[in-house]
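Residue strings, one per chain:
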Amino acid sequence: MSEPRRLLLVNGPNLNLLGTREPAVYGPATLADVEKLTAEVAAALGYEVRALQSNHEGVLIDAVHAAREDCAGIIINPGGLTHTSVALRDALTGVGMPFAEVHISDVYAREKFRHFSYLDDVAAVRVVGKGIDGYADAVRELVALLDG
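**Q** Teacher, can you tell me more about the overall build of the protein chain here?
**A** On a plain count of helices and strands, the protein chain comes out with five helices and five strands. For the protein chain, the succession of helices and strands along the chain, N to C, is β-α-α-β-α-β-α-β-β-α. Against the globule reference of 15 Å for 148 residues, the protein chain gives a C-alpha radius of gyration of 14 Å, in line with a compact fold. Considering only C-alpha atoms, the protein chain reaches an extent of 45 × 30 × 25 Å along its principal axes. Looking at the 148 residues of the protein chain, the share that counts as buried comes to 45%. The contacts of the protein chain with a sequence gap of at least 6 include a subset with a gap of at least 24, amounting to 74%. For the protein chain, the exposed area adds up to about 7,000 Å²; of that, 53% sits on carbon and sulfur atoms.

**Q** Sorry, what's going on with helix α2 (residues 31-44) here?
**A** Residues lying three or four places apart along an α-helix face the same way, a consequence of the helix completing one turn every 3.6 residues. Taking 1.5 Å per residue, 14 residues should reach 20 Å; α2 reaches 20 Å between its end C-alpha atoms and fits that length. Where α2 is concerned, the buried positions are Leu31, Val34, Leu37, Thr38, Val41 and Ala42. Considered in projection along α2, the buried side chains sweep an arc of 125° and stay on one side of the axis. Opposite the buried face of α2, by more than 90 degrees, sit the exposed residues Ala32, Lys36 and Ala44. Packed against the buried residues of α2 are β1 (6-11), β2 (48-53), β3 (73-77) and α5 (133-147). Positive phi shows up at Gly46, right after α2, with a value of about 85°.

**Q** Explanation requested: the sheet that holds β1 in the structure shown.
**A** Backbone hydrogen bonds hold the strands of a sheet together, and the pairing may be parallel or antiparallel. Strand order in the open sheet formed by five strands is β2-β1-β3-β4-β5, with parallel pairing between adjacent strands. Two strands lie at the open edges of the sheet, namely β2 and β5 (125-128), each paired on one side alone. If you compare each strand with its neighbour and ignore which way they point, the axes differ by 15° on average. Two elements, β1 and β3, share five bridges in a ladder whose sense is parallel. Paired with Leu7 across the strands is Gly73, a residue of β3. This element, α2, spans β1, β2 and β3 of the sheet and lies at about 160° to β1.

**Q** Would you take a moment to explain unusual backbone geometry for this structure?
**A** Of all residues except glycine, most have a negative phi; of all peptide bonds, most are trans. For Asn14, which is not a glycine, the phi torsion comes out positive at approximately 75°. Within the element layout of this structure, Asn14 appears in the loop between β1 and α1 (23-26). The exposure class assigned to Asn14 is partly exposed, which follows from its relative accessible area of 37%. Positive phi, normally seen in glycine, also occurs at Glu22, with a value near 40°.

**Q** Teacher, can you tell me more about the packing of helix α3 (residues 57-66) against helix α4 (residues 86-94) here?
**A** Two numbers describe a pair of packed helices, the interaxial angle and the distance between the axes. Two elements in contact, α3 and α4, have axes whose closest approach is 9 Å; the angle formed by their N-to-C orientations is 10°. Relative to α4, the element α3 lies roughly parallel. Every residue of α4 that contacts α3 at Glu57, Leu60, Ile61, Val64 and His65 is listed here: Ala87, Leu88, Ala91 and Leu92. Looking at the contact of α3 with α4 residue by residue, the classes come out as seven nonpolar, one polar and one charged.

Calculation criteria
- Residues numbered from 1 in each chain as written.
- Predicted model: local features only at pLDDT ≥ 70, side-chain atom pairs only at ≥ 80, totals over all residues.
- Heavy atoms only, no water.
- Helix = DSSP H or I, 4+ residues; strand = E, 2+ residues; numbered from the N terminus.
- Rg over C-alpha atoms; globule rule 2.2 N^0.38 Å.
- Buried < 20%, exposed > 50% of the residue type's maximum accessible area, 1.4 Å probe, protein only.
- Contact = heavy atoms within 4.5 Å.
- Areas by Shrake-Rupley, 256 points an atom, 1.4 Å probe, with all protein chains shown as cover.
- Expected span 1.5 Å × (residues − 1).
- Arc of directions from axis to C-beta.
- Pairing = 2+ DSSP bridges.
- Axes fitted to C-alpha atoms, helices over the stretch in contact; angles between N-to-C directions.
- Parallel < 35°, antiparallel > 145°, perpendicular 65-115°, else oblique.
- Nonpolar A, V, L, I, M, F, W, Y, C, P; charged D, E, K, R; others polar.

If you want it as C-alpha cells, here you go:
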C-alpha cells in the first residue's frame, strides 16, 4: 500500500475572521484565500489538501487524530492555542507524523505572551511572519521532508 499523498490543513480559533480581523496585522487575505493557496501549492507537488478551521480545541484535536488514517503530514496554524494548549501538542506528537506550524504575523514582534509556542520544539517545519505566503512555504518544506 502506498503512502497517502494528502496533507491536513488545520486553522485554529479566530482564523475564520481573516480578511476582517486586524488587517494591519494579518493582511487582507481570507481563510478561503489561505485554503486555495495551500491546495494549489500542494497540488503542484502531487498532494491534495483537506482543510479544517475550528474555534473549538476538541474539534482540532479530533481532526489531528483522524489524519492518521489518510494523511502524510499536517500544516497547522493553531492561533491562540499556540500559547495555551498542551492537549493540542500531545495530539500532534501522538499521531507520529511530521507537521508544520505556521503563523501569519511575526509573533516575536508582538505581545510577549505570543513569543512562546507549545509546538516550536516538536514541529518539523516552522514558518512565522510571512503572511499567507507562509502556508505555501510550509507546504513546500513539509513535502520536501516527506518526499525525502
